[in-house]
Structure formats: structure tokens, C-alpha cells
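Fold and contact review
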Amino acid sequence: MRKALIAGNWKMHTTVVEACQLAADVAKTCSDYTDREVLLAPPYTVLSEVSHVINNTSIIIGSQNICWEGKGAFTGEISPVMVKDAGGSAAIVGHSERRHIFMETNELINRRVKGALAFGLMTILCIGETLDERDAEKTFVILEEQVRKGLADVDGADMDKIVIAYEPVWAIGTGKTASKEQAQEAHAFIRELIEQLYEKNIAEQTRILYGGSVKPGNVDELMAQTDIDGALVGGAALDADSFGRIINFE
Ligand code: 13P
């Protein structure tokens, strides 16, 4: 049985005061779950403070990106050692904003994935097609390429730390959610691909999150899909009531 994972990606939002307030408010909406995990990915500048705020809860902290080295001359990057030092245990890698605004390639993202794993972080690998790619019926070609290249040289033994997040680019921040059928179809495809690349057991254990305009009003139907194991939430994660409702999906 896969434990659900509800992750809030705060992107480039929140000052220290705002972040601490939001984390405290989110913590109030959480119970002692046995069937789900909650993760917050705040900006680097508030990782430490947010970690302190949620210290006595089961909420996990992650970074929004990660470098593959523990330290060194990598201006502007954050290392897995730093994330762990700040109380984090996870990292988001390959978010579509990294791919499309900052031109991160599958090869670069693969280095990040392997780096995060080498330091024992839970690694959320984001994948997803653009609207043009979907319209050109290239969705599955793109997803396959992003999974294959993103997970290149990742050992089956490390797959328990990998989470895949399917985020169709056209659904991010647009208010357009993939229909539950579109999302389920993509998730089933990804799970089958993982089985091909690894084995059935690993495919069955790998959590695949959906992201892209997840809101209180659509989370229940998305989470009811066989292959949807959680959500990666942007906008709605910045409001504790909305995120609380998403965490407490039915
Ligand atoms: P929205 O929920 O704002 O569409 O963002 C999704 C996302 O990019 C999460 O990583």
C-alpha cells in the first residue's frame, strides 16, 4: 500500500514571518496520519525557520531544487548537506519552471537526482508535457524521455526514495487541471514505464503525484484514481485553509 504524499511547493513566496505563520497554520490542520505524509518545500531562505516551526509534527521539509555536490564553487546553488542541516529531508528536482524558465535539461536534472539520492534525500522528480507537446500527441514520448533520462543510472535499490510528480505544464498556475482521466492515463503510463525500467514491485511501490492547479474542489476526485498517490500543490499551498483541505482529502 502506497502512503499518499501531499506536498506544498511554495515557489518564490514568503518572507520569514509569512513562512512561519503559514507553516504553523498548516501544522494545525494536520492530524496523526497513518495513510498520508505532508511535505512543505519553502524557499531556501526560510527552510531553517520552517523546520523549527514544524519540529514536533510529522511534516517533512524539502528544498525546491538541489545541487549534486555537498559543497563547492556552485554559485547560487544549494547542497544536500545544507538542506539536511536546515532540517530538510527531501528535494524537488526538475520542476517545469526549472526546465522552461531556467533551461534545465534532462541531463542536468539527472545529475541533481543522483546527487540528492547520494545524500539520502527523498527526491521528487517532476515531469510533464507542454500544451504544444500534448496537442502534437507527444505527451507519452516526452514523459518517457523525462523519466528515462531523469532516472538514468539510478539503481533499483534507491527507488524507494524516488517520487515522481506528473505536472502537465499547461495545468500549472493556469486554473486548468488535467481531467481525472487524463491524469490517471499519464500516471498509469509512468508506472508501467517504471516497471519496464526496474521491476513490478518497484513500480507498485513508487509514488506518483499529480500537480497542476490542485485545489480543495478537485483533490478528492484526483486522489480517487488508482495511480494517483498524492499531489504537488503550488498556489493552493500558500493558503493554510486550502492546503489543509487538500491534505485532508477524502
Ligand atoms: P499550481 O498548483 O499553482 O498550479 O502549481 C503547481 C506546481 O507547479 C507545483 O509544483
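Here the structure is shown first, and the text comes after it.
The following paragraphs examine the structure supplied in this document. These numbers were taken from a predicted model, which means no experiment stands behind them.

**Some words on the packing of helix 5 (residues 106–118) against helix 7 (residues 139–150)**
Describing two packed helices takes the angle between their axes plus the distance from one axis to the other. Where helix 5 meets helix 7, the closest approach of the two axes is 8 Å, and the angle between their N-to-C directions is 45°. Judged by the angle between their axes, helix 5 and helix 7 are oblique. Considering the relative orientation of helix 5 and helix 7, their crossing is right-handed. The residues of helix 7 that touch helix 5, namely those facing Asn 106, Glu 107, Asn 110 and Val 113, are Glu 145, Gln 146, Lys 149 and Gly 150. Looking at the contact of helix 5 with helix 7 residue by residue, the classes come out as 1 nonpolar, 4 polar and 3 charged.

**Concerning the site of the ligand**
Around the ligand sit 13 residues in total, of which Lys 11, His 95, Gly 173, Ser 213 and Gly 235 are the nearest. Note that an oxygen atom of the ligand is positioned 2.8 Å from one of the side-chain N or O atoms of His 95. For the ligand, an oxygen atom lies 3.0 Å from a polar atom in the side chain of Glu 167. In isolation the ligand offers 310 Å² of accessible surface; the protein chains occlude 97% of this area. When grouped by side-chain class, the residues that make up the shell around the ligand number 4 nonpolar, 7 polar and 2 charged.

**Overview of the sheet that holds strand 2 (residues 36–41)**
Spatial ordering of the closed barrel is given by 1-2-3-4-5-6-7-8, a layout of 8 strands whose pairing is parallel. Adjacent strand axes in the sheet meet at a mean angle of 25° when their direction is disregarded.

**With respect to the pairing of strand 2**
Burial runs high along strand 2: 5 of the 6 residues are buried. For strand 1 (residues 4–9) and strand 2, the ladder comprises 6 bridges, and the chain directions are parallel. Among the inter-strand pairings, Ala 4 is bridged to a residue of strand 2, identified as Arg 36. Handedness of the strand 1-helix 1 (residues 16–29)-strand 2 crossover: right-handed. For the handedness criterion, the β-α-β arrangement of strand 2, helix 2 (residues 47–53) and strand 3 (residues 60–63) is classed as right-handed.

**What about the packing of aromatic side chains?**
Applying the stated criterion across every chain, the model contains 3 aromatic pairs. Seen in terms of ring centroids, Trp 68 and Phe 74 are 6.1 Å apart; in terms of plane orientation they differ by 75°. Their pairing is edge-to-face. Looking at Trp 68, the relative accessible area reads 17%, which means it is buried. With a relative accessible area of 32%, Phe 74 lands in the partly exposed category.

**Some words on the pairing of strand 5 (residues 122–127)**
With 6 of 6 residues buried, strand 5 lies mostly within the body of the structure. Across the two faces of strand 5 the burial is the same, with Met 122, Ile 124 and Cys 126 and Thr 123, Leu 125 and Ile 127 all buried. The sheet contact formed by strand 4 (residues 90–93) and strand 5 spans 4 bridges and is parallel. Bridge assignment links Ala 91 to a residue of strand 5, and that residue is Thr 123. The pairing of strand 5 with strand 6 (residues 162–166) spans 5 bridges and is parallel. Note on strand 6: the bridge partner recorded for Thr 123 is Ile 162.

Cut-offs and rules
- Residues numbered from 1 in each chain as written.
- Predicted model: local features only at pLDDT ≥ 70, side-chain atom pairs only at ≥ 80, totals over all residues.
- Heavy atoms only, no water.
- Axes fitted to C-alpha atoms, helices over the stretch in contact; angles between N-to-C directions.
- Helix = DSSP H or I, 4+ residues; strand = E, 2+ residues; numbered from the N terminus.
- Parallel < 35°, antiparallel > 145°, perpendicular 65-115°, else oblique.
- Left-handed = near helix turned anticlockwise from the far one by under 90°.
- Contact = heavy atoms within 4.5 Å.
- Nonpolar A, V, L, I, M, F, W, Y, C, P; charged D, E, K, R; others polar.
- Near = heavy atom within 4 Å.
- Polar contact = N/O pair within 3.5 Å; in protein donor to acceptor, adjacent residues only side chain to side chain.
- Areas by Shrake-Rupley, 256 points an atom, 1.4 Å probe, with all protein chains shown as cover.
- Pairing = 2+ DSSP bridges.
- Buried < 20%, exposed > 50% of the residue type's maximum accessible area, 1.4 Å probe, protein only.
- Right-handed = clockwise from strand over helix to strand, strands pointing away.
- Phe/Tyr/Trp six-rings, centres within 6.5 Å; stacked < 30°, edge-to-face > 60°.

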